[in-house]
Amino acid sequence: MTENEQVVRTFSLPSVAGNERLAAKKIEELLRPLGLSLRLLERIKTAVAETAMNAIEHGNRYHEDLPVTIETEITPGSLYIRIADYGGQKDTPMAEEPDIDAKLAGIQSPRGWGLFLIHRMADDVRFTTDKERHTVELTFFLVREGDSDFSI
Amino acid sequence: MISQFEADVDFQGRCAVVHLSGEIDSNAEDSLVDALGKAIERNPDRFLLDFRQVQYINSKGIALIVGLLARYPEIRGRIAAYGLTEHYQEIFKITRLMDYIFVLRDWEAALDFINH
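Per-chain numbering applies: the sequence of each chain, read as written, is numbered from 1 onward. Labels follow written order: the first chain is A, the first ligand is 1, and so on. The predicted nature of this model means local features are confined to residues of pLDDT at least 70 and side-chain atom pairs, given and counted, to a pLDDT of 80 or more, with totals for whole chains, interfaces and linings taken over all residues. Water and hydrogen atoms play no part in the side-chain values, which are based on all heavy atoms of the structure.

### A word on the packing of aromatic side chains
The geometry of an aromatic ring pair comes down to the distance between the two centres and the angle between the two planes. Classification of ring pairs uses Phe, Tyr and Trp, with its six-membered ring standing for Trp, and accepts pairs whose centres are within 6.5 Å; under 30 degrees between planes counts as stacked, over 60 as edge-to-face, and the remaining range as tilted. Counted by the stated rule, this structure contains 4 aromatic pairs over all chains. Ring centres 5.6 Å apart and planes at 80 degrees place the aromatic pair A:Trp113 and A:Phe116 in the edge-to-face group. Partly exposed describes any residue whose relative accessible area lies between the buried limit of under 20% and the exposed limit of over 50%, with all areas from a 1.4 Å probe on protein chains only and scaled to the type maximum. When its relative accessible area of 1% is taken as the criterion, A:Trp113 is described as buried. You can call A:Phe116 buried: its relative accessible area is 7%. The residue whose ring lies beneath A:Arg21 is B:Tyr56, and the NZ or CZ to ring-centre distance is 4.3 Å. Lysine and arginine charges are scored as sitting over a ring when NZ or CZ, respectively, is within 6 Å of the ring centre and within 35 degrees of the ring normal.

As structure tokens, this is what we get:
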């Protein structure tokens, strides 16, 4: 890839429960030639699956005829993944930061980890809406295989 | 894609080992609650969750595990996880599930936990 080159690929999936896993699998196939570290790849897959799951469930409300569209843009230093649904009529809800102590004490619901994981897995997350379509853009700074150890 | 999940329990000494396999998402609830319930009934000293055959855990699966810790407070401090991939160990860390479930990184540590 040259300094100014970018590669854009787009695919769509019907809004069926479980298709978020297919989205993650397709992203993995698209990214395989880049030789990304396992750690980064797993973070990307989790962020994509969680975002796609939200798009299917909350954006498109499991309407099978409404697709979730996923666009990947690969530049030499960054990967952008844009996941769009038809939930643009409503604003993205501000999610309460999950607190496991509060959840175990019964103060918060055990749920609510999706947006938290998306924000923790991606380097940047942006939400946009054009009143019809709602798009989540995930940004990942690319690190090549061997550039970092997989350590917690 | 329909998710598949199974949970089985066996007892090794005073430790209940819950073997998990497949995908842990919202569909796993009934099986997981059933398995953990059976384990708790026998009143073991410790619980080991065996994740070696688990391919996928999503946010709903995390919620499920948190829900079980909320539902069965008596197991906190006595429960460990073995066989999590490094990615899911990271997720257990950032969600702070690791504060409530010991994460065992190798089989020697798991054996030690079982036989403690």
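### As for unusual backbone geometry
The backbone of A:Tyr62 shows a phi angle near 60 degrees, a positive value even though the residue is not glycine. Helix and strand assignments follow DSSP, with helices taken as H or I runs no shorter than four residues and strands as E runs no shorter than two, numbered in order from the N terminus. Secondary-structure assignment places A:Tyr62 in the loop between helix H2 (38-59) and strand E2 (67-74). By relative accessible area, which is 40% here, A:Tyr62 ends up partly exposed. Unusually for a residue other than glycine, B:Arg96 sits at a positive phi of about 70 degrees. Within the secondary structure, B:Arg96 sits in the loop between helix H3 (86-94) and strand E5 (102-104).

### A look at helix H2 (residues 59-71) of chain B
Residue pairs three or four apart in sequence face the same way in an α-helix, which turns once every 3.6 residues. Residue and element names in this part refer to chain B. Expected helix span is computed as 1.5 Å times (number of residues minus one). Between the first and last C-alpha of H2 there are 18 Å, a value that for 13 residues agrees with the 18 Å anticipated at 1.5 Å per step. In terms of burial, H2 is largely enclosed, as 11 of its 13 residues are buried. Buried residues of H2: Ser59, Lys60, Gly61, Ile62, Ala63, Leu64, Ile65, Val66, Gly67, Leu68 and Leu69, and no others. Structurally, the start of H2 carries an N-cap: the backbone nitrogen of Lys60 is 3.0 Å from a side-chain oxygen of Asn58. In protein, a polar contact means a hydrogen-donor-capable atom and an acceptor-capable atom, both N or O and within 3.5 Å, with residues adjacent in sequence counting only if both atoms are side-chain atoms; elsewhere, any N or O pair within 3.5 Å suffices.

### Some remarks on helix H4 (residues 114-121) of chain A
Looking at H4(A), one finds that the buried residues are A:Gly114, A:Phe116, A:Leu117, A:Ile118 and A:Met121. Residues of H4(A) that are buried in the fold lie against H2, strand E4 (124-129) and strand E5 (134-141) of chain A together with H2 and H3 of chain B. Any two residues having at least one pair of non-hydrogen atoms within 4.5 Å are treated as being in contact.

### Regarding the interface of chain A and chain B
Counting residues at the interface gives 30 residues for chain A and 25 residues for chain B. Of the roughly 2,600 Å² buried where chain A meets chain B, counting both sides, 63% is carbon and sulfur surface. Whenever Lys or Arg places a side-chain nitrogen within 4 Å of a carboxyl oxygen from Asp or Glu, that contact is recorded as a salt bridge. The interface formed by chain A and chain B contains 5 salt bridges. Taking the shortest distance from any N to any O, the salt bridge between A:Arg21 and B:Glu23 comes out at 2.9 Å. Buried area is calculated as the accessible area (1.4 Å probe) missing from two parts once they are joined, with the contributions of both summed.

### Observations regarding the packing of H2(A) against H3(B)
Helix-helix packing is described using two parameters, namely the angle between the two axes and the distance between the axes. Relative to each other, H2(A) and H3(B) sit at 60 degrees, their axes nearing to 10 Å. What the angle tells us is that H2(A) and H3(B) run oblique. By crossing handedness, the relation of H2(A) to H3(B) is classed as right-handed. Contacts from A:Arg39, A:Glu42, A:Arg43 and A:Thr46 of H2(A) reach H3(B) at B:His87, B:Glu90 and B:Ile91. A breakdown of the residues in the contact of H2(A) with H3(B) according to their chemical character gives 1 nonpolar, 2 polar and 4 charged. Think of each axis as a best-fit line through the C-alpha atoms, taken over the contacting stretch in the case of a helix, with angles from 0 to 180 degrees between the N-to-C directions. Relative orientations are named as follows: roughly parallel for angles under 35 degrees, roughly antiparallel for angles over 145 degrees, roughly perpendicular for angles from 65 to 115 degrees, and oblique for any other angle. Should the near helix be turned anticlockwise from the far one by less than a right angle, the crossing is left-handed, and should it be turned clockwise, the crossing is right-handed. All residues other than Ala, Val, Leu, Ile, Met, Phe, Trp, Tyr, Cys, Pro, Asp, Glu, Lys and Arg, Gly among them, are scored as polar; the first ten of these are nonpolar and the last four charged.

### Focus on the sheet that holds strand E3 (residues 78-85) of chain A
Residue and element names in this part refer to chain A. What the 5 strands build is an open sheet, ordered E1-E2-E3-E5-E4; its pairing is antiparallel. With one partner strand each, in any of the chains shown, strand E1 (7-14) and E4 form the two edges of the open sheet. Neighbour to neighbour, the strand axes of the sheet diverge by 15 degrees on average, direction disregarded. DSSP bridges decide pairing: two strands pair if at least two such bridges lie between them. Looking at chain direction, E2 and E3 are connected through 6 bridges and run antiparallel. Pairing of Glu71 across the sheet is with Arg82, part of E3. In this fold helix H1 (residues 19-31) packs onto E1, E2 and E3, with an angle of close to 160 degrees to the strand it touches most, E1. Running over the sheet, H4 touches E4 and E5 and is turned about 125 degrees from E4.

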